[in-house]
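Here's the letter readout for the chains.
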Amino acid sequence: MDRDTATADARTADAQAARTPPADVRRRLPRTDAVLADPRLAGAARRLGRALVKSEVVRALERARAGEIPPETVADTAAGALPPTAGGLRPVVNATGVLLHTNLGRAPLSRAAREAVDAACGPTDVELDLATGARSRRGASALDALCEAVPHAEAAHVVGNGAAALVLAATALAAGKEIVVSRGEMVEIGDGFRLPDLLVSTGARLREVGTTNRTSAGDYAAAIGPDTGFVLKVHPSNFRITGFTRSASVAELARVCPPGVPVVADIGSGLLRPEPVLPNEPDASGWLRAGASLVTASGDKLLGGPQCGLLLGRAGLVRRLARHPLARALRVDKLTLAALQATVRGPATPVHTMLHAGAEGLRARAEHLAAELRGTDVDARAVDSEAAVGGGGAPGVTLPSAAVSLPEEYAGPLRTGGPAVLGRVEGGRCLIDLRTVPPERDADVAEAVRRAAKAAANGRGEE
Ligand SMILES: *Cc1c(COP(=O)(O)O)cnc(C)c1O
C-alpha cells in the first residue's frame, strides 16, 4: 500500500469516527437551554434577540445530531454562524472593481454620513426649529446644504430615489399632458425598468421626437405646443451611441422652449459639480447653468450618499413638486436626510476616494497583499486590472486598477465568509480588485483569503 492510499484510508476512518453511533451522540448532545447559557450566546441574545440566537442553536444541534459536527462544538458553531447585526443584511467587502455595485447597495456611506445617521436615530429636529420651537420645513438644513453645493439651484427637494424624482416631476408638471423626449433617450435603467413606462404610468403622454441616433433642437421645437407639460432631457447614463449621432444640448433645448415650458433634465449620476476624472458625465450645476429648469439625480451614485432622488432647480417648480400630494408618498426619512447632508457638506466620500485612487498605489497594495499571502502558501499574485464606475454610470469608462489574483475556487468561500468578500471571477481566476476596497480593509481581506484557502482545501479533502 503506497503512502497516498494510506492517507486516504486514514481519512475514511476519520470520517467514520465522526459519524458516531446515534446513541453516543445523543448522550453527548447538550440541551438547548444549556447552550443558550453560553456567555457568548447569552450576550448575543441581548444584542440580536433571543429568537435569532435560538434558531442558530437549534440548527447547530441538528447538525450535531446528524453527525456533521461534534456535539461539544454546538455553542461554537452557533456563535460562529450568528450575523453581526439583527438587520439581516450582511456587510460585504466590495472587491469587484465596480465602484457603484447595484447589488451591493451602490455607494458606501462616508464615516461622516454614518455618524450623522447614528445621531438622527432618536428624536431629532427634522421638522422642528429648536430656536423658536415652531414647526419647520422638513429636512430644511439638508435642502439648504444642497442649494449651497449646487450653484444655480434656487431650491431643492428630496424623494426616495431617482425614479421617484422623475415620477413626481411627471405627475406634478405633465399628468394629462405631453412630455417631449428624444427617441435616443428612452432608457432602460436596469432590471427591466424603463423610463418611458415609468413616465407613462403617471398619466403623462410621451411625445417622442427624432430618431435613435439623431435628434435636433428643431425636432423638439416642432413638437412643443399647448399640450406640452415639459421637455425632458435624459443623460444616457448606462450606454453609448457612437457613429452618426446628434443630440440637442440642454442649452439648445432651453432656447427652443417658450416661457412656461420647463426643461427637465435627468442627469442620473448625481454629480453636483464637474468631476475631472469623468469629463463626459453631466453635473447638476452645469445643466442648470445651461438652462435646465429642473434637474433630477440619484443620491447613491457618484454623489456617494444614501439612496434618494434629488430635484434641483427653479424655486417655483420645486415648490409645486414639494406641495403635490404625491410628494408625501415619496418623502424620505430622517436617516436619509441626515446622511445626505453629511455627504454633501462632509469630507470626501468613499466613492470620490475610489475614483481618485492612483494606479501605482493600488499596484503597491496588490503586490504587498499577494506577497503576504504567498508567505502563507496561498497561490496569489498581483495583476493589473480595470475597474468601472457601474451603477449605470460612465458607460465605457475604465479606471486603471490592480488586483490580487487567486484560484477561482476561492470565490465561493470568500463570498460566504465573515466578512463576506465579493471578488470578480475572470479568466478562471478570482480577482480581488483593490480600487473598490478601502485600504484599511486590506488586513481583513488577507485574513478572509487565508480562511477561504483553508475552506477550499477542506472542500478538496486536503488538510
Ligand atoms: C440611475 C438612473 C435613474 C434611476 O435612478 P434610481 O435612483 O436608481 O431610481 C434614472 N435616470 C438615469 C439617467 C439614471 O442613470
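Structure report, in brief. If you're wondering where the values come from, they're calculated on a predicted model, not measured in any experiment.

## Details of the overall build of the chain
Secondary structure assignment for the chain yields 20 helices and 17 strands. By its C-alpha atoms, the chain is 90 × 55 × 35 Å across when sized along the principal axes. Counting over 463 residues, the chain shows a buried share of 46%. Of the contacts made within the chain by residues no fewer than 6 positions apart, 73% connect residues no fewer than 24 positions apart. Of the accessible surface of the chain, which amounts to about 22,800 Å², a share of 52% is contributed by carbon and sulfur atoms.

## Quick notes on unusual backbone geometry
Along the chain, G418 connects to P419 via a cis peptide bond; the corresponding omega equals 0 degrees. Take P419: it is sitting in the loop between α19 (411-416) and β15 (420-422). Residues other than glycine seldom take positive phi values, yet H152 does so here, at roughly 80 degrees. Mapping H152 onto the fold places it in the loop between α8 (140-149) and β4 (155-159). Of note, the phi angle at D377 is positive, near 65 degrees, even though the residue is not glycine. Position of D377 among the secondary structure elements: in the loop between α18 (359-375) and β13 (381-390).

## As for the environment of E440
By the element assignment, E440 lies in the loop between β17 (429-433) and α20 (442-459). Each C-alpha atom, one on E440 and one on L294, is 40 Å from the other, the two residues being 146 residues apart in sequence.

## Some points on the packing of helix α7 (residues 111-120) against helix α16 (residues 334-345)
Contact geometry for α7 and α16: axes closest at 8 Å, N-to-C directions at 145 degrees. Here the hand of the crossing between α7 and α16 comes out right-handed. Contacts between α7 and α16 involve A112, A113, A116, V117 and A120 from the first element and K334, L335, A338, A339, A342 and T343 from the second. A breakdown of the residues in the contact of α7 with α16 according to their chemical character gives nine nonpolar, one polar and one charged.

## Focus: the pairing of strand β12 (residues 309-313)
Counting buried positions along β12 yields five of five residues, so the element is predominantly enclosed. The alternating pattern of β12 places G309, L311 and G313 on one face and L310 and L312 on the opposite face, and all of these are buried. The pairing of β4 with β12 spans five bridges and is classified as antiparallel. By the bridge assignment, V159 is partnered in β12 with G309.

## Focus on the packing of aromatic side chains
Counting across every chain of the model gives zero aromatic pairs. Cation over ring: R214 sits above F244, and NZ or CZ is 3.9 Å from the ring centre.

## Examining the site of the ligand
In the vicinity of the ligand, the contacting residues are R106, N161, G162, A163, I189, H235, S237, D266, G268, S298, K301 and G392. With respect to the ligand, the side chain of D266 contributes an N or O atom lying 2.5 Å from a nitrogen atom. One nitrogen or oxygen atom from the side chain of S298 is found 2.7 Å from an oxygen atom belonging to the ligand. For the ligand, the protein covers 94% of the area, taking 380 Å² as the surface of the free molecule. Those elements that place two or more of their residues in the shell around the ligand are α9 (162-174) and β10 (263-268).

## Overview of the side chain of T202
Topologically, T202 is positioned in the loop between α10 (195-200) and β8 (205-209). Of note is the side chain of T202, whose polar atom sits 3.4 Å from the backbone nitrogen of A204. Setting aside residues up to four positions removed in sequence, T202 forms contacts with V167, A170, T171 and A175.

## Some remarks on the sheet that holds β10
Across the sheet, which stays open at both edges, the seven strands sit in the order β4-β12-β11-β10-β9-β5-β8 with mixed pairing between neighbours. Every other strand in the sheet has two partners, leaving β4 and β8 as the edge strands with one partner each. Here the strands of the sheet are splayed against their neighbours by 25 degrees on average, with no regard to which way each runs. Both strand β5 (residues 178-182) and strand β9 (residues 228-234) contribute to a ladder of four bridges, which runs parallel. Residue pairing for β9: I179 is matched across the bridge by F230.

## Thoughts on the environment of G286
Turning to its location among the elements, G286 is positioned in helix α13 (residues 284-289). As a C-alpha pair, G286 and V250 span 36 residues in sequence and 9.6 Å in three-dimensional space.

## Notes on the side chain of E281
By secondary structure assignment, the location of E281 is in the loop between β10 and α13. An unpaired buried charge is present at E281: no salt bridge exists, and K301, the closest side chain of opposite charge, is 8.3 Å distant. For E281, the side chain forms a polar contact with the side chain of H235, separated by 3.3 Å. Not counting chain neighbours up to four residues away, the residues in contact with E281 comprise H235, S269, L271, L302, G393, A394 and P395.

## Focus: the packing of helix α4 (residues 39-48) against helix α5 (residues 50-65)
The interhelical angle for the contact between α4 and α5, taken along N-to-C directions, is 135 degrees, at an axis separation of 7 Å. Relative to α5, the element α4 is oriented oblique. In contact with L41, A44, A45 and L48 of α4, α5 contributes R50, L52, V53 and V57. In terms of residue class, the contact of α4 with α5 is built from seven nonpolar, no polar and one charged.

Cut-offs and rules
Residues numbered from 1 in each chain as written. Predicted model: local features only at pLDDT ≥ 70, side-chain atom pairs only at ≥ 80, totals over all residues. Heavy atoms only, no water. Helix = DSSP H or I, 4+ residues; strand = E, 2+ residues; numbered from the N terminus. Buried < 20%, exposed > 50% of the residue type's maximum accessible area, 1.4 Å probe, protein only. Contact = heavy atoms within 4.5 Å. Areas by Shrake-Rupley, 256 points an atom, 1.4 Å probe, with all protein chains shown as cover. Axes fitted to C-alpha atoms, helices over the stretch in contact; angles between N-to-C directions. Left-handed = near helix turned anticlockwise from the far one by under 90°. Nonpolar A, V, L, I, M, F, W, Y, C, P; charged D, E, K, R; others polar. Pairing = 2+ DSSP bridges. Phe/Tyr/Trp six-rings, centres within 6.5 Å; stacked < 30°, edge-to-face > 60°. Lys NZ or Arg CZ within 6 Å of the ring centre and 35° of its normal. Near = heavy atom within 4 Å. Polar contact = N/O pair within 3.5 Å; in protein donor to acceptor, adjacent residues only side chain to side chain. Lys, Arg positive; Asp, Glu negative; His and termini not counted. Salt bridge = Lys/Arg side-chain N within 4 Å of Asp/Glu carboxyl O. Parallel < 35°, antiparallel > 145°, perpendicular 65-115°, else oblique.

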